[in-house]
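Listed below, chain by chain, are the residues.
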Amino acid sequence: MTVSPSNRLPQPARSSRNHAAIRLITLDLDDTLWPCAPVIQAADDAVQTWLSIHAPRLAAVHDVQSQRRHRGQIMRQSPEIAHDVGQIRHRSLGALLAEFGYPARLADDAMTLFMAHRNRVEPYADVQPVLRTLAARYCLISVTNGNADVEATPLRGIFRHHLTAAEVGAAKPDPAIFNRALELTGCQPADCLHLGDDPWMDVEAARACGLHAVWINRTGRDWPPELKPPLAAVTNLHQFAAWMTGAHNGDDDGV
């Protein structure tokens, strides 16, 4: 989704490590900019309550966990759409509704309800102020394997573009989403830095495309020993912004 009619990028700004003139920053969403699990749980619970009213026979047999297992089966049976979590969810709901004698079209209403709750995210406290500052200097693009609509969240209006796995046809660590971000902005990989919470899906996937990558580790996890350390590791966006501008003391370099 494009949120600006112009793809023109800000002038390059050199980071504190002089590794590149970064023009573009791509950012993961779930567990990078907001906690994901409680949002999904609340959305699943809302749909379960809705099903108990509109499809009680289904709800009596399939709880939230059972429906998650069913979606997992759909993903394994249909790998060609496994990257599209929204389509997987819709197909699963449609199949279960039909199995219990309900119109499959009710899946549309269930999905509308799910997405309304899916987008009720609460960004970490550091996110909004730092992103608005970064947006004045860099082009920001969100890249996610999920299906949140950033423009329906408190982060609306910050990103130049929003890219999802469903839109580009493949999920991270596939390079498609990073390549699309580069295409949209006319950047080279060396012009781009990616920030994300997953060592494999974010850091390693971005590096495989030639991008710089910084790991955001909000929960004190250990870096996988089999992976080369990231360019830097931070615990929040304030540290990331400080690292980008050289206002750090070096403690956040590496892991």
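Scroll up to find the structure this text is about.
Keep in mind the model is a prediction, meaning the values are calculated, not measured.

**Some details on the pattern of salt bridges**
Thought 1: Under the definition given, this model contains 9 salt bridges.
Thought 2: Of the charged contacts, one joins R71 and D44 as a salt bridge, the two residues approaching to 3.9 Å between their closest N and O atoms. Of this pair, R71 sits in helix α3 (residues 64–77) while D44 is found in helix α1 (residues 37–54), placing the two residues 27 residues apart along the sequence. The pair R71 / D44 is uniform in exposure class, with both members buried.
Thought 3: Connected through shared salt-bridge partners, D44, R68, R71 and R89 make up one network.

**Concerning the pairing of strand β7 (residues 212–216)**
Thought 1: Where burial is concerned, most of β7 is hidden: 5 out of the 5 residues are buried.
Thought 2: Side chains H212, V214 and I216 project from β7 onto one buried face, and the interleaved A213 and W215 project onto a second face that is buried too.
Thought 3: Note: strand β6 (residues 192–196) against β7, 4 bridges, orientation parallel. Looking at β7, one finds that G196 is bridged to W215.
Thought 4: On the question of chirality, the crossover connecting β6 to the parallel β7 by way of helix α9 (residues 199–208) is right-handed.

**A short note on the pairing of strand β5 (residues 161–164)**
Thought 1: Along β5, one buried face is formed by H161 and L163 and the opposite face, lined by H162 and T164, is buried too.
Thought 2: Direction of pairing for strand β4 (residues 139–144) relative to β5: parallel, over a ladder of 4 bridges. Residue pairing in the sheet places S142 in a bridge with H162 of β5.

**Some words on the sheet that holds β4**
As a general point, the strands of a sheet are linked pairwise by backbone hydrogen bonds and lie either parallel or antiparallel.
Thought 1: Overall, parallel pairing links the 6 strands, which are arranged β5-β4-β3-β6-β7-β8 in an open sheet. The sheet is open, and its two borders are formed by β5 and β8 (232–234), each paired with just one other strand. Here the average twist between neighbouring strands, direction ignored, is 25°.
Thought 2: Both strand β3 (residues 24–27) and β4 contribute to a ladder of 4 bridges, which runs parallel. When the bridges of β4 are listed, L27 appears paired with S142.

**Some thoughts on the packing of helix α4 (residues 85–99) against helix α5 (residues 106–118)**
Angle between the axes and distance between the axes are the two parameters that describe a pair of packed helices.
Thought 1: For the pair α4 and α5, the least separation of the axes is 9 Å and the interaxial angle reads 135°. Compared by their axis directions, α4 and α5 come out oblique. Every pair of crossing elements has a handedness; the one defined by α4 and α5 is right-handed. Of the residues in α5, those in contact with G86, R89, H90, L93, G94 and L97 of α4 are L106, A107, D108, A110, M111 and F114.

**Topic: α1**
Thought 1: The end-to-end C-alpha distance of α1 is 26 Å, a good match for the 26 Å that 18 residues give at a rise of 1.5 Å each.
Thought 2: If you check which residues of α1 are buried, you get V39, I40, A43, D44, A46, V47, Q48, W50 and L51.
Thought 3: Buried positions along α1 lie against α2 (56–61), α3, α4 and α5.

**Considering the packing of α1 against α5**
Thought 1: Contact pair α1 / α5: the axes reach a minimum separation of 8 Å and the direction vectors enclose 150°. Two packed elements cross with a definite hand, and for α1 against α5 that hand is right-handed. Across the interface between the two elements, V39, I40, A42, A43, D44, A46, V47, W50 and H54 from α1 touch L106, D109, A110, L113, F114, H117 and R118 from α5.
Thought 2: Residue composition of the contact of α1 with α5, grouped by class: 11 nonpolar, 2 polar and 3 charged.

**Some words on the packing of aromatic side chains**
Thought 1: Under the defined criterion, the tally for this structure stands at 1 aromatic pair.
Thought 2: Geometrically, the ring pair formed by W215 and W223 is edge-to-face, given 4.9 Å between the ring centres and 65° between the ring planes.
Thought 3: For W223, a relative accessible area of 12% gives the class buried.
Thought 4: Above the plane of the ring of F114 lies R89, whose end atom (NZ or CZ) is 3.7 Å from the centre.

**Considering helix α10 (residues 237–245)**
In an α-helix, one full turn covers 3.6 residues, which means residues spaced three or four apart are oriented alike.
Thought 1: By the burial criterion, the buried members of α10 are L237, F240, A241, W243 and M244. Projected onto a plane normal to the axis of α10, the buried residues spread over an arc of 160° and lie on a single side.
Thought 2: A distance of 3.0 Å separates the backbone nitrogen of H238 from a side-chain oxygen at the start of α10, and that oxygen is part of N236.
Thought 3: Immediately downstream of α10, the backbone of G246 shows phi near 85°, a positive value.

**Some points on the environment of K228**
Thought 1: With respect to the secondary-structure elements, K228 resides in the loop between β7 and β8.
Thought 2: Placed 24 residues apart in sequence, K228 and E204 show a C-alpha to C-alpha distance of 8.5 Å.
Thought 3: Not counting residues up to four positions away in its chain, the partners in contact with K228 are R207 and W223.

Calculation notes
Residues numbered from 1 in each chain as written. Predicted model: local features only at pLDDT ≥ 70, side-chain atom pairs only at ≥ 80, totals over all residues. Heavy atoms only, no water. Salt bridge = Lys/Arg side-chain N within 4 Å of Asp/Glu carboxyl O. Helix = DSSP H or I, 4+ residues; strand = E, 2+ residues; numbered from the N terminus. Buried < 20%, exposed > 50% of the residue type's maximum accessible area, 1.4 Å probe, protein only. Pairing = 2+ DSSP bridges. Right-handed = clockwise from strand over helix to strand, strands pointing away. Axes fitted to C-alpha atoms, helices over the stretch in contact; angles between N-to-C directions. Parallel < 35°, antiparallel > 145°, perpendicular 65-115°, else oblique. Left-handed = near helix turned anticlockwise from the far one by under 90°. Contact = heavy atoms within 4.5 Å. Expected span 1.5 Å × (residues − 1). Nonpolar A, V, L, I, M, F, W, Y, C, P; charged D, E, K, R; others polar. Phe/Tyr/Trp six-rings, centres within 6.5 Å; stacked < 30°, edge-to-face > 60°. Lys NZ or Arg CZ within 6 Å of the ring centre and 35° of its normal. Arc of directions from axis to C-beta. Polar contact = N/O pair within 3.5 Å; in protein donor to acceptor, adjacent residues only side chain to side chain.

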